[in-house]
Amino acid sequence: MTQTKYAVATSGVAGGAELVGVLKAVAGSEDAQGQLLRSIDAKVDALVRGPYNTGRTYLSEAQRLGPDDPDTVRRLERARDAFYLAHGQAASVESRALVEYHLGLVWLLLGGRDDAVHWLAQSHASAFA
């Protein structure tokens, strides 16, 4: 790395000293890159998991309180909205398929047959992609 620092320092590139850190990250060891990718994957997974879990909580509450509760439809709509948010953030086909499956279920519970068919078909396609 000493040669890299020297080359950058003598290159005349403005901000060359700061580039050394970037070069190290880009050309670093596979372990460092793997660790960075795992960190990114964990953060993206957390972005999906939050709204997904929120949607599941709304579904659970709707089930617990039953169809006679006046807020059941509102809870199902909130679950749908949370799953839409999770879908937009899903990075893997596996997580996208799971979210699409739940969107299909929520639409089915809300009486949106065509939307339910659409999202369940999307889930199937994503699962086999």
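Residues numbered from 1 in each chain as written. Predicted model: local features only at pLDDT ≥ 70, side-chain atom pairs only at ≥ 80, totals over all residues. Heavy atoms only, no water.

Caption draft 1: Seen up close, the side chain of Arg75. Relative to the helices and strands, Arg75 is located in helix H4 (residues 72–89). Given a relative accessible area of 15%, Arg75 falls into the buried group. For Arg75, the contacting residues outside a window of four places in its chain are Tyr58, Glu61, Ala62, Leu65 and Asp69. (Helix = DSSP H or I, 4+ residues; strand = E, 2+ residues; numbered from the N terminus. Buried < 20%, exposed > 50% of the residue type's maximum accessible area, 1.4 Å probe, protein only. Contact = heavy atoms within 4.5 Å.)

Caption draft 2: Representation of the side chain of Arg80. Structurally, Arg80 is set in helix H4. Residue classification places Arg80 among the buried positions, given a relative accessible area of 17%. Each residue touching Arg80, except ones within four places of it in the same chain, is listed here: Leu103, Val106, Trp107 and Leu110.

Caption draft 3: The arrangement of the environment of Glu100 in detail. With respect to the helices and strands, Glu100 occurs in helix H5 (residues 93–109). Between the C-alpha atoms of Glu100 and Trp119, which are 19 residues apart in sequence, the distance is 5.4 Å. What Glu100 contacts, discounting residues up to four positions off in sequence, is His87, Trp119, Gln122, Ser123 and Ser126. Among the polar contacts listed, one links the side chain of Glu100 to the side chain of His87, at a separation of 2.9 Å. (Polar contact = N/O pair within 3.5 Å; in protein donor to acceptor, adjacent residues only side chain to side chain.)

Caption draft 4: Layout of the pattern of salt bridges. Applying the stated criterion across every chain, the model contains four salt bridges. Here Asp71 and Arg74 are joined by a salt bridge, their closest N and O atoms 3.4 Å apart. For Asp71, a relative accessible area of 29% translates into the label partly exposed. Look at Arg74 and you get partly exposed, because its relative accessible area is 34%. (Salt bridge = Lys/Arg side-chain N within 4 Å of Asp/Glu carboxyl O.)

Caption draft 5: Region of interest: a nonpolar patch on the surface. A contiguous nonpolar surface patch, about 250 Å² in accessible area, is contributed by Leu98, Tyr101 and Leu120. Within the secondary structure, Leu98 sits in helix H5. Judged by its relative accessible area of 40%, Leu98 is partly exposed. (Patch = residues over 30% accessible without salt bridge, like charges linked within 9 Å, V, L, I, M, F, W, Y side chains within 5 Å. Areas by Shrake-Rupley, 256 points an atom, 1.4 Å probe, with all protein chains shown as cover.)

Caption draft 6: Broad picture of H4. A rise of 1.5 Å per residue sets the reference length of H4, with its 18 residues, at 26 Å; its end C-alpha atoms lie 26 Å apart and thus fit the reference within 8%. Those residues of H4 lying buried are Thr72, Arg75, Leu76, Ala79, Arg80, Ala82, Phe83 and Ala86. Viewed end-on, H4 has its buried residues packed into an arc of 170°, placing them on one side of the element. (Expected span 1.5 Å × (residues − 1). Arc of directions from axis to C-beta.)

Caption draft 7: How the structure looks around the environment of Gly104. Mapped onto the secondary structure, Gly104 falls in helix H5. When the C-alpha positions of Gly104 and Asp115 are compared, they lie 6.9 Å apart, and in sequence the two are 11 residues distant. Ignoring anything within four residues of it in the chain, the contact list for Gly104 reads Ala116, Trp119 and Leu120.

Caption draft 8: Just the packing of H5 against helix H6 (residues 113–127), in detail. The interhelical angle for the contact between H5 and H6, taken along N-to-C directions, is 160°, at an axis separation of 7 Å. One element, H5, and the other, H6, form an angle in the roughly antiparallel class. Seen from above, H5 lies across H6 with left-handed handedness. Facing Val93, Arg96, Ala97, Glu100, Tyr101, Leu103, Gly104, Leu105, Trp107 and Leu108 of H5, the residues of H6 in contact are Asp115, Ala116, Trp119, Leu120, Gln122, Ser123, Ser126 and Ala127. Classifying every residue of the contact of H5 with H6 by side-chain character gives 11 nonpolar, four polar and three charged. (Axes fitted to C-alpha atoms, helices over the stretch in contact; angles between N-to-C directions. Parallel < 35°, antiparallel > 145°, perpendicular 65-115°, else oblique. Left-handed = near helix turned anticlockwise from the far one by under 90°. Nonpolar A, V, L, I, M, F, W, Y, C, P; charged D, E, K, R; others polar.)

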